[in-house]
Amino acid sequence: MKKILVTGGAGFIGSHLVERLLNEGNEVIALDNYFTGQKSNIVHLLNHPYLEVVRHDVTTPFYVEVDEIYNLACPASPVHYQYNPIKTIKTSVMGAINMLGLAKRINAKILQASTSEIYGDPKIHPQVESYWGNVNPIGIRSCYDEGKRCAETLFMDYHRQNNVRTKIVRIFNTYGPRMFMNDGRVVSNFIVQALKGENITIYGDGRQTRSFQYVDDLVEGIIRAMATTDDFIGPVNLGNPNEFTINELAEKVIAMTGTSSKIVYRPLPSDDPAQRKPDITLASSKLDWTPVVQLEEGLEKTIAYFRSIV
Ligand code: NAD
Ligand code: UDP
């Protein structure tokens, strides 16, 4: 039995990861400040004898003895990370420093939930880990993008300077049950709008692309990345390489929900990446990992979840 700390453990991805780690027989500490996470995500686990839930903010130090740390704490939806951009960058940078300091002190393995956003509006397609990205340092997405880039730098430097056993995964757009209803990201927005019979809001002309990964595939990839030998740090992309335009996603959601909602077009937010698709050659060779849930199957499960709460 391992003792594992998951920061952001009450969030969308964090709650799935916590559940999986408990199911595998580990002892888990789920840390969260509940900014975008919610107790309801983990309420079904609260009686588990090996789960401890802690309200804490990663921008201040935290001391505990664990074998592994998964550092997921950070709002991920543009709407939420832009709500308080200074706090967002503090969470990424100070959170990384605090968690890396803890890992160094207790000799724990530590994994960073990085993001495809570190590629910015990419000029290379699909995105491979060796690509350095095309990121605006002063735009409205920069608090998230640059915070996550700085966190990657810190993970590499704590490894080189202090031999901390670090891992970096770059997560591409992930969706599934337990996303917040008002999360603001495209999959949850479209499904909730469709189920409520409201207009489906496409930003821009809808020709921008994303590659959508179901949360169970991601959790499998994250756990495999943590389990690699100490010489493998990454960064490694985790995403589903099947690419869709936002128009295609809207059409799929409309067809699958049978809604009478109409599509409306709204202005494209600034710095919104035009295309995004992971190259997962590294993940398949180093982690023997490839996503297995394709968009329709994942949407079905996600629509069923939102039907139960809308
Ligand atoms: P989420 O917003 O549901 O989860 C983030 C969690 O972190 C929430 O529970 C929130 O309350 C908590 N948190 C935020 N700031 C905190 C702080 N200062 N101290 C303690 N807890 C804090 O988002 P998610 O989709 O589950 O994302 C989890 C991680 O994965 C994030 O680091 C995100 O950047 C990364 N990621 C997610 C995606 C995606 O598509 N979902 C893509 C790339 C990267
Ligand atoms: N988007 C949209 N309508 C919405 C929410 C998002 O058209 O109601 C678009 C958004 O402009 C972006 C894409 O969908 O081009 C994915 O947005 P999301 O916020 O989910 O993730 P990210 O931009 O971080 O990839």
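Right above here is the structure, for reference.
A quick note: this is a predicted structure, and the numbers were derived from the prediction, not measured.

### Quick word on the site of ligand 2
Logical step 1: For ligand 2, the set of nearby residues contains 17 residues, the closest of which are T201, Y203, R210, D272 and R276.
Logical step 2: Contact between ligand 2 and R276: an oxygen atom at 2.6 Å from a side-chain N or O atom of the residue.
Logical step 3: Considered on its own, ligand 2 offers 520 Å² of accessible surface; in the complex 95% of this is hidden by protein.
Logical step 4: For the shell around ligand 2, the secondary-structure elements that each account for two or more residues are α5 (186–196) and β8 (200–203).
Logical step 5: Considering only residue class, the shell around ligand 2 consists of six nonpolar, five polar and six charged.

### So, the sheet that holds strand β6 (residues 166–171)
Logical step 1: Here seven strands make up an open sheet; going across it, the order is β3-β2-β1-β4-β5-β6-β11 and the pairing parallel. The open sheet is flanked by β3 (51–55) and β11 (236–238), the only strands paired with a single partner. Averaged over all pairs of adjacent strands, the angle between their axes in this sheet comes to 20 degrees, without regard to strand direction.
Logical step 2: Looking at chain direction, β6 and β11 are connected through three bridges and run parallel. The residue bridging I171 from the neighbouring strand is L238, located in β11.

### With respect to unusual backbone geometry
Logical step 1: The linkage connecting H125 with the following residue, P126, adopts the cis geometry, with an omega of -10 degrees.
Logical step 2: Relative to the elements of secondary structure, P126 occurs in the loop between β5 (109–115) and α4 (142–162).
Logical step 3: Here G234 and P235 are connected by a cis peptide whose omega angle stands at 0 degrees.
Logical step 4: By the element assignment, P235 lies in the loop between α6 (215–226) and β11.
Logical step 5: Notably, N163 is not glycine yet its phi reads approximately 55 degrees, a positive angle.
Logical step 6: Checked against the element boundaries, N163 lands in the loop between α4 and β6.
Logical step 7: Take N163: its relative accessible area is 61%, and that puts it in the exposed class.

### With respect to the pattern of salt bridges
Logical step 1: As enumerated under the stated definition, the model contains 17 salt bridges in all.
Logical step 2: One salt bridge connects D57 with K87, and the closest N-O pair in it is separated by 2.5 Å. Separated by 30 residues along the polypeptide, D57 in the loop between β3 and β4 (68–71) and K87 in helix α3 (residues 85–106) bring together distant segments of the chain.
Logical step 3: Judged by relative accessible area, K87 falls into the partly exposed class, the value being 28%.
Logical step 4: By sharing partners, the salt bridges in this structure join E117, R141, R210, D272 and R276 into a single network.

### Digging into the packing of α5 against helix α7 (residues 246–257)
Logical step 1: The geometry of α5 relative to α7 is characterised by a closest axis approach of 10 Å and an angle of 35 degrees between their N-to-C directions. Crossing angle aside, the handedness with which α5 passes α7 is right-handed. Touching V186, V187, F190, I191, A194 and L195 of α5 are I246, L249, A250, V253 and T257, all from α7.
Logical step 2: Within the contact of α5 with α7, the residues separate by chemical class into 10 nonpolar, one polar and no charged.

### Focus on the nonpolar core
Logical step 1: Counting residues in each nonpolar core, the largest one holds 57 residues, and the members touching the most others are L17, Y70, I222 and L299.
Logical step 2: In terms of residues, this core owes the most to one element, α6, which gives seven residues.
Logical step 3: Setting aside chain neighbours within four positions, we find L299 in contact with Y175, V187, I191, L249, K252, V253 and M256.
Logical step 4: If you look at the next biggest cluster of nonpolar residues, it comprises 25 residues, including F62, V64, A73 and I106.

### Examining the environment of F180
Logical step 1: Relative to the elements of secondary structure, F180 occurs in the loop between β7 (174–175) and α5.
Logical step 2: Residue classification places F180 among the partly exposed positions, given a relative accessible area of 22%.
Logical step 3: C-alpha of F180 to C-alpha of L100: the two residues are 80 residues apart in sequence and 29 Å apart in space.
Logical step 4: Non-local contacts of F180, meaning those with residues more than four positions away in its chain, are made with T36, Q38, H80, S188 and F306.

### A closer look at the site of ligand 1
Logical step 1: Among the 30 residues in the neighbourhood of ligand 1, the closest are listed as D32, T36, Y144, K148 and R185.
Logical step 2: G37 places a polar main-chain atom, nitrogen or oxygen, 2.9 Å from an oxygen atom of ligand 1.
Logical step 3: Measuring from a nitrogen atom of ligand 1, one finds a backbone N or O atom of V58 at 3.0 Å.
Logical step 4: Calculation on ligand 1 without its partners gives an accessible area of 820 Å², and the protein chains cover 97% of this total.
Logical step 5: Of all the secondary-structure elements, those providing two or more residues to the shell around ligand 1 are α1 (12–23), α3, β5 and α4.
Logical step 6: The dominant element in the shell around ligand 1, judged by the number of residues it contributes, is β5, at three residues.
Logical step 7: Split by residue class, the shell around ligand 1 holds 14 nonpolar, 11 polar and five charged.

About the criteria used
- Residues numbered from 1 in each chain as written.
- Chains lettered and ligands numbered in written order.
- Predicted model: local features only at pLDDT ≥ 70, side-chain atom pairs only at ≥ 80, totals over all residues.
- Heavy atoms only, no water.
- Near = heavy atom within 4 Å.
- Polar contact = N/O pair within 3.5 Å; in protein donor to acceptor, adjacent residues only side chain to side chain.
- Areas by Shrake-Rupley, 256 points an atom, 1.4 Å probe, with all protein chains shown as cover.
- Helix = DSSP H or I, 4+ residues; strand = E, 2+ residues; numbered from the N terminus.
- Nonpolar A, V, L, I, M, F, W, Y, C, P; charged D, E, K, R; others polar.
- Pairing = 2+ DSSP bridges.
- Axes fitted to C-alpha atoms, helices over the stretch in contact; angles between N-to-C directions.
- Buried < 20%, exposed > 50% of the residue type's maximum accessible area, 1.4 Å probe, protein only.
- Salt bridge = Lys/Arg side-chain N within 4 Å of Asp/Glu carboxyl O.
- Left-handed = near helix turned anticlockwise from the far one by under 90°.
- Contact = heavy atoms within 4.5 Å.
- Core = buried A, V, L, I, M, F, W, Y, C linked by side-chain atoms within 4.5 Å.

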